[in-house]
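# Structural overview
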Amino acid sequence: CRIPRTSITYNATISACEKGHEWERALRFVAEMEVFDVERSAITYNACIAACDEAGQWQHALLLLGDMSRNQLQSCAITYHACVMACEKGLQWRFALSFMSDMHAGRVEWN
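As the structure is a computational prediction, the values presented were derived from the model and not from experiment. (Residues numbered from 1 in each chain as written. Predicted model: local features only at pLDDT ≥ 70, side-chain atom pairs only at ≥ 80, totals over all residues. Heavy atoms only, no water.)

Moving on, we get to the packing of aromatic side chains. Applying the stated rule across the entire model yields 1 aromatic pair. Between Tyr-10 and Phe-29, the aromatic rings sit 6.2 Å apart at their centres with planes inclined by 65°, giving edge-to-face as the arrangement. Highlighted residues: Tyr-10 in helix 1 (residues 7-19) and Phe-29 in helix 2 (residues 23-35), separated in sequence by 19 residues. Here Arg-5 stacks its cationic end above the ring of Phe-36, 3.7 Å away from the centre of that ring. (Phe/Tyr/Trp six-rings, centres within 6.5 Å; stacked < 30°, edge-to-face > 60°. Helix = DSSP H or I, 4+ residues; strand = E, 2+ residues; numbered from the N terminus. Lys NZ or Arg CZ within 6 Å of the ring centre and 35° of its normal.)

As a further point, take helix 1. Helical geometry note: an α-helix holds 3.6 residues per turn, so side chains three or four residues apart project in the same direction. A rise of 1.5 Å per residue sets the reference length of helix 1, with its 13 residues, at 18 Å; its end C-alpha atoms lie 18 Å apart and thus fit the reference within 8%. In the core, the buried residues of helix 1 are packed alongside helix 2 and helix 3 (42-54). In the stretch just after helix 1, His-21 is the one whose phi turns positive, near 60°. (Expected span 1.5 Å × (residues − 1). Contact = heavy atoms within 4.5 Å.)

Moving on, we get to the side chain of Thr-44. With respect to the helices and strands, Thr-44 occurs in helix 3. Residues contacting Thr-44, with those up to four places away along its chain left out, are Asn-11, Ile-14, Val-30, Met-33 and Glu-39.

The next point concerns unusual backbone geometry. Trans peptide bonds make up the majority, and among non-glycine residues the majority have a negative phi. You will see that His-21, though not glycine, has its phi angle at about 60°, which is positive. Following the sequence through the fold, His-21 ends up in the loop between helix 1 and helix 2. Given a relative accessible area of 56%, His-21 falls into the exposed group. (Buried < 20%, exposed > 50% of the residue type's maximum accessible area, 1.4 Å probe, protein only.)

Where helix 3 contacts helix 4 (residues 58-70), the axes come no closer than 9 Å and their chain directions differ by 170°. Our classification of the angle between helix 3 and helix 4 gives roughly antiparallel. Listed contacts from helix 4 to Ala-42, Tyr-45, Cys-48, Ile-49 and Cys-52 of helix 3 are His-60, Ala-61, Leu-64, Leu-65, Asp-67 and Met-68. Considered class by class, the residues forming the contact of helix 3 with helix 4 number 9 nonpolar, 1 polar and 1 charged. (Axes fitted to C-alpha atoms, helices over the stretch in contact; angles between N-to-C directions. Parallel < 35°, antiparallel > 145°, perpendicular 65-115°, else oblique. Nonpolar A, V, L, I, M, F, W, Y, C, P; charged D, E, K, R; others polar.)

What follows deals with helix 4. For helix 4, which comprises 13 residues, the first-to-last C-alpha distance of 19 Å matches the rise-based estimate of 18 Å (1.5 Å per residue) to within 8%. For helix 4, the full list of buried residues reads Trp-58, Ala-61, Leu-62, Leu-64, Leu-65, Asp-67 and Met-68. If you follow the buried residues of helix 4, they end up packed against helix 2, helix 3, helix 5 (77-89) and helix 6 (93-104). Where helix 4 terminates, the next one or two residues include Gln-72, which has phi positive at roughly 55°.

Quick look at the structure:
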């Protein structure tokens, strides 16, 4: 049985990686989606950023946020919350404060 390569299956897999503390695998799946031309969405990035957050990988979380912007995907409160938490774990308080400022300035869509 072959599982189809769809955004739904990838998003579920990336979410499972987050729960399993497999942030590096989550990043590989996001990269694989691009290789196989599978649409990445805010859900995809939010799940992967959350996986990076869980592991304290703030640099990767910020790279993913930048990738979202380059791909013209709308970040939301969930995205920024995960980035803030990743920055907190990495003791990157200036980045965390910057995100909080963006959120309060209304540049983030609240869900």
